[in-house]
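Listed below are the residues making up each chain.
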Amino acid sequence: MTTDPFDLSADALWGPDNLPYGVASADGHDTHVVTRLGDHVIDLAALATLDGYRKWARAWSNPSLNSFIAQGRSSWTSARDWLQQIIRDEKRRDEVRSTMHSLDKVTLHLPVEVADYVDFYASEQHATNVGRIFRPDGDALTPNWKHLPIGYHGRAGTVVVGGTDIVRPVGQRKAPQDAEPVFGPSVRLDIEAEVGFVVGGETELGSRVGVDEAADHLFGVALFNDWSARDIQAWEYVPLGPFLGKSFASSLSPWVTPMAALEAAKTALPAQDPKPLDYLLGDDLFGLDLALEVQINDTVVSRPPYKGMYWSPTQMLAHLTVNGASLRDGDLFASGTVSGDEPGERGSLLELAWSGREPITLDDGTQRSFLEDGDVVTITATAPAVGGGRIALGEVRGKVLPSR
Ligand code: CA
């Protein structure tokens, strides 16, 4: 190592107030749960072993976070307290250094073995924009939108770690003016900049998780790109919702930020009017002040703010389980596309280029209504840190490959 991993500037985005969880492998080492400090990863299985914490060492020796997530909230809290303490203890730096690898020498893997995956639709601005595009003569929001967090179950098995290439999907599409459907590569491949919530603490079938119990199950946050083939989606989605237009791949950032690292990012929700039903009410309702940035190739195309999202993550989890559906360790739910009030805050190309009517121009002079082969999409975010300053969330990146 050429630089001291502890030599962090005061405004470091990956300092001791952050400490996200990921899964990494280094040459000659097993794949373990790690955290990140600056430009280094810390092998948490090695560090816990060194300090005699066998329960955590066992969980962190796995190639996913699931075993640790299964230990529950009290373990998440005490592990983070221990980790922050040992990292801040100057006398123990050599021990911590002995468990470190340079970030550029490791491979990051999908951090969670995703159990079930649900995608919500919690941005009023996004839902309104999509409503205006697809139903210009009707109400922008559907009648249910302010009464429940709308969602659908997606495909857990095709959630991939950020950095994975995305093959352009093929399928059926039929434009409204066409008489018959055609088959071929999607010509309207899009992104959806979202925030994913990783869930743990199994529940019994038939039981439900209330708003004020949700914190016991919310493990952390990861950025999420819900790649969407708009042409396949438009032809297939009535009446049962998204299917092959979404299920070909969804990208999850390699770092999961613990909820405890986001305490200072909690904000009040927008006013909810009409008042939701009782099961969606409680004391623990919050938004998150996450500042997202969406880049296509070298151009920042959007800066969606998460803090205006209509539904609290606790409401989304309460709704997801209100029918008695049980939770599993490693469940994942995503917020839905994050879009703000301003044109430069929209989280999808569908909205940014208004369904192809207003193409955006990249810094190299080329225009985009939807993604082209070779495009690289990168979503990043920062949030206020508990100790002042800011922390970064893990970026989620993907390159579009031609269809096969
Ligand atoms: Ca979505």
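As shown above, the structure is provided for reference.
Basis of the calculations
Residues numbered from 1 in each chain as written. Predicted model: local features only at pLDDT ≥ 70, side-chain atom pairs only at ≥ 80, totals over all residues. Heavy atoms only, no water. Salt bridge = Lys/Arg side-chain N within 4 Å of Asp/Glu carboxyl O. Helix = DSSP H or I, 4+ residues; strand = E, 2+ residues; numbered from the N terminus. Buried < 20%, exposed > 50% of the residue type's maximum accessible area, 1.4 Å probe, protein only. 1 Å grid on protein atoms, 1.4 Å probe; cavity = no way out; pocket = protein on both sides within 12 Å on 5 of 7 lines; lining within 4 Å. Points joined across faces, edges and corners; volume = space filled by probe spheres on them. Nonpolar A, V, L, I, M, F, W, Y, C, P; charged D, E, K, R; others polar. Donors = N, O, S within 2.8 Å, 3.2 Å for Na, K, Ca; no water. Pairing = 2+ DSSP bridges. Axes fitted to C-alpha atoms, helices over the stretch in contact; angles between N-to-C directions.

A. The pattern of salt bridges, seen in detail. On inspection of all chains with the given rule, the structure shows 22 salt bridges. As a salt-bridge pair, Asp190 and Arg230 come within 2.8 Å of each other at their nearest N and O atoms. In this pair, Asp190 sits in strand 12 (residues 189–190) while Arg230 sits in helix 7 (residues 230–236), placing the two residues 40 residues apart along the sequence. With respect to class, Asp190 is no different from Arg230; both count as buried. Where Lys246 meets Glu192, a salt bridge forms, and the shortest distance between an N and an O atom there is 2.9 Å. Of this pair, Lys246 sits in helix 8 (residues 244–247) while Glu192 sits in the loop between strand 12 and strand 13 (193–199), and the two are 54 residues apart along the sequence. The same class applies to Lys246 as to Glu192, namely buried. One connected set of salt bridges, linked through shared partners, spans Asp190, Glu192, Asp226, Arg230 and Lys246.

B. Seen up close, the layout of surface pockets. Within this model, the largest pocket holds a volume of roughly 680 Å³. Around the largest pocket sit 32 residues that line it, and Tyr121, Ile150, Gln233, Tyr237 and Pro242 are the ones nearest its centre. Of all elements in the fold, only strand 6 (117–120), helix 6 (124–134), strand 7 (151–153) and helix 7 reach the threshold of two or more residues within the lining of the largest pocket. It is helix 6 that contributes the most residues to the lining of the largest pocket, four residues altogether. A class-by-class count of the residues in the lining of the largest pocket yields 17 nonpolar, eight polar and seven charged.

C. Up close: the coordination of the calcium ion. Protein coordination at the calcium ion: the donors are Asp119 (OD), Glu192 (OE), Glu194 (OE) and Asp226 (OD), at 2.2 to 2.3 Å from the metal. Taken in sequence order, the residues that donate to the calcium ion follow the motif D-x72-E-x1-E-x31-D. Residue Glu194 is found in strand 13, and its partner Asp226 is found in the loop between strand 14 (218–225) and strand 15 (228–229); the two are separated by 32 residues along the sequence. Note on Glu194: relative accessible area 0%, which makes it buried. Here Asp226 falls in the buried class, since its relative accessible area comes to 0%.

D. Structural view of the pairing of strand 26 (residues 390–401). In terms of strand pairing, strand 9 (residues 166–167) meets strand 26 through two bridges, oriented parallel. Looking at strand 26, one finds that Ile166 is bridged to Val400. Pairing geometry for strand 25 (residues 376–384) and strand 26, over eight bridges, is antiparallel. By the bridge assignment, Val376 is partnered in strand 26 with Lys399. Hairpin connection, strand 25 to strand 26: the antiparallel pair is bridged by five residues, and Gly388 has positive phi, about 85°.

E. Quick look at the sheet that holds strand 4 (residues 100–102). One open sheet accounts for five strands, arranged 4-3-2-1-5; its pairing is antiparallel. Of all strands in the sheet, those bounded by a partner on one side alone are strand 4 and strand 5 (106–109). The sheet shows a mean angle of 45° between the axes of neighbouring strands, taken without regard to direction. Of the strand pairs in this sheet, strand 2 (residues 32–37) and strand 3 (residues 40–43) are connected by four bridges, and their pairing is antiparallel. Of the residues in strand 3, the one forming a bridge with Val34 is Asp43.

No statement about biological role is implied by the geometric values presented.
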